[in-house]
Amino acid sequence: MTDERIKQVSALRRAMIRPELGATTGTVLVFLFFLLIAGNSGMFAPEGIMNWTVVSAQFAIIAVGACLLMISGEFDLSVGSMIGFAGIVIAILSVKFGLPVWLSIIAAFVICVTLGWVNGMLVIKTGLPSFIVTLAFLYILRGLTIWLSILTTRQTIIGGVKDLAQNDWLAFLFGGVIFKNLFVWFADIGLVGKFVAGPKAGLPVVEGVPMLVVWALVLVAFGHILLTRTKFGNWIFASGGDAQAARYVGVPVNRVKVLMFMFTAFCATVFATCQVIEFGSAAADRGLLKEFEAIICVVIGGALLTGGYGSVIGAALGAIIFGVVQQGLFFSGAESSLFRVFLGTILILAVILNTYIRRMITGER
């Protein structure tokens, strides 16, 4: 009788159980679809490409944190509220109390990552499902954000950050644009497409690469390397696959889970900071429903809701699908509310596919 431990696995089966399979297929199909219906709309011109790239980067930043946390076996439903809270903290400290923007940004990161630690510790110490704990934090943070904003400024939208952020060294890392000279050179040799007419004649349509996109690329690369090339990545998989068995072999499951909650809060704060610097303001309702969009990106990317299986690259592809569809509907002239229909439909399909994959892996019927 053949030992199952050395049983040959076909190339097709190996491909089928890759977390990224569904997201890769979906990405190709989405691009082909919008090439057909919106190919001449400007969606795939330089400016259009930058539009959906930026939107995809926004999804990717929060999806990386959600992905690693879900693989470790936990959820964080407070991500959206954390985005709004972090933005208000930056705006209050810089606009209302006159702190330098760089110091306000650092303070927001410290506060939010600490709240991520509190989330994780509550889950570990109480034994409550992370769904319940972070659902409570979703309401606590949203209410606290609105209360702080009204208490300090008597309004829920705080402006004035843009002027304060000019020439701020840390603000540039979240709201700056890099490779400007490179894109000007591309325009000079005709690689970026048509020049902008009017007072900007001779300049490229695309000014450069926003730092938000850079953050997305860095976080995706970091998450992928951490998950697939390090011992800590193995600990993440083990913690979500079978926490008790992982403890028996020496995996510090509690520490892994708490660190993943903290990293999720870090990613939410990156997203919030980029928004505040870009718009020059903070609003108490920012980040609404972002926690669900992040989870959907991760599920599309092949992660199992039960933990222990998933891929950062898959989550990033899920973010690209979201960005392309959201902007594709705009460029094709479709009703924007159809994006919500797409989210629900793609979530159902992704869960069905992931359930099938789990059964293939575990042998369940």
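In the annotation of an unreviewed UniProt entry, the entry for the protein reads Xylose transport system permease protein XylH, and the organism field reads Pannonibacter phragmitetus. Its UniProt record, at the heading Subcellular location (unreviewed entry), says of the protein: "Cell membrane". Taken from UniProt, the Function (unreviewed entry) comment for the protein reads in full: "Part of the binding-protein-dependent transport system for D-xylose. Probably responsible for the translocation of the substrate across the membrane."

Undergrad: How would you sum up the environment of isoleucine 62? Please name residues and give values.
TA: Residue placement: isoleucine 62 occurs in helix 3 (residues 46-71). For isoleucine 62 and alanine 294, which are 232 residues apart along the polypeptide, the C-alpha to C-alpha distance reads 5.9 Å. Discounting residues that sit within four places of it in the chain, isoleucine 62 has contacts with Val79, Ile83, Cys267, Ala268, Phe271, Lys290 and Ala294.

Undergrad: Residue-level account of helix 15 (residues 312-331), with values.
TA: Its 20 residues place the ends of helix 15 28 Å apart at the C-alpha level, agreeing with the 28 Å of an ideal helix rising 1.5 Å per residue. With respect to burial, helix 15 is a largely interior element, 16 of its 20 residues being buried. Backbone geometry just after helix 15 places glycine 333 at a positive phi near 80°.

Undergrad: Describe the pattern of salt bridges, naming the residues involved and giving the relevant values.
TA: In the structure shown here, the tally under the stated rule is 2 salt bridges. Glutamate 74 serves as the salt-bridge partner of lysine 257, at 3.0 Å between the closest nitrogen and oxygen. With lysine 257 in helix 13 (residues 253-279) and glutamate 74 in the loop between helix 3 and helix 4 (79-96), this residue pair connects regions lying 183 residues apart in the sequence. Under the relative-accessibility criterion, lysine 257 is labelled buried at 7%. The class for glutamate 74 is buried, based on a relative accessible area of 11%. Between glutamate 293 and lysine 290 there is a salt bridge, with the nearest N and O atoms lying 3.2 Å from each other. Highlighted residues: glutamate 293 and lysine 290, both in helix 14 (residues 290-300), separated by 3 residues, approximately one helical turn.

Undergrad: Pulling in residues and values, what's your account of helix 13?
TA: In an α-helix, one turn spans 3.6 residues, which is why side chains three or four residues apart end up on the same side. Between the first and last C-alpha of helix 13 there are 39 Å, a value that for 27 residues agrees with the 39 Å anticipated at 1.5 Å per step. Across the 27 residues of helix 13, 20 count as buried, placing the element largely inside the fold.

What counts, and where the lines are drawn
- Counting of residues starts from 1 at the beginning of each chain's written sequence and follows it residue by residue.
- At least 70 in pLDDT is required for a residue's local features to be given in this predicted model, at least 80 for side-chain atom pairs to be given and counted, and no such filter applies to totals for whole chains, interfaces and linings, which use all residues.
- Side-chain calculation: all heavy atoms of the structure are included, whereas hydrogens and water are not.
- UniProt positions are given in the numbering used here, feature names are shortened, and annotations may be inferred rather than shown by experiment.
- By definition, any uninterrupted DSSP run of H or I lasting at least four residues is a helix, any uninterrupted run of E lasting at least two residues is a strand, and each is numbered from the N terminus.
- What makes two residues a contact is simply this: any of their non-hydrogen atoms within 4.5 Å.
- A helix's residues, less one, multiplied by 1.5 Å, set its expected span.
- When accessible area is computed with a 1.4 Å probe and restricted to protein chains, residues below 20% of their type maximum are described as buried, those above 50% as exposed, and intermediate ones as partly exposed.
- When a carboxyl oxygen of Asp or Glu lies within 4 Å of a side-chain nitrogen of Lys or Arg, that pair is called a salt bridge.

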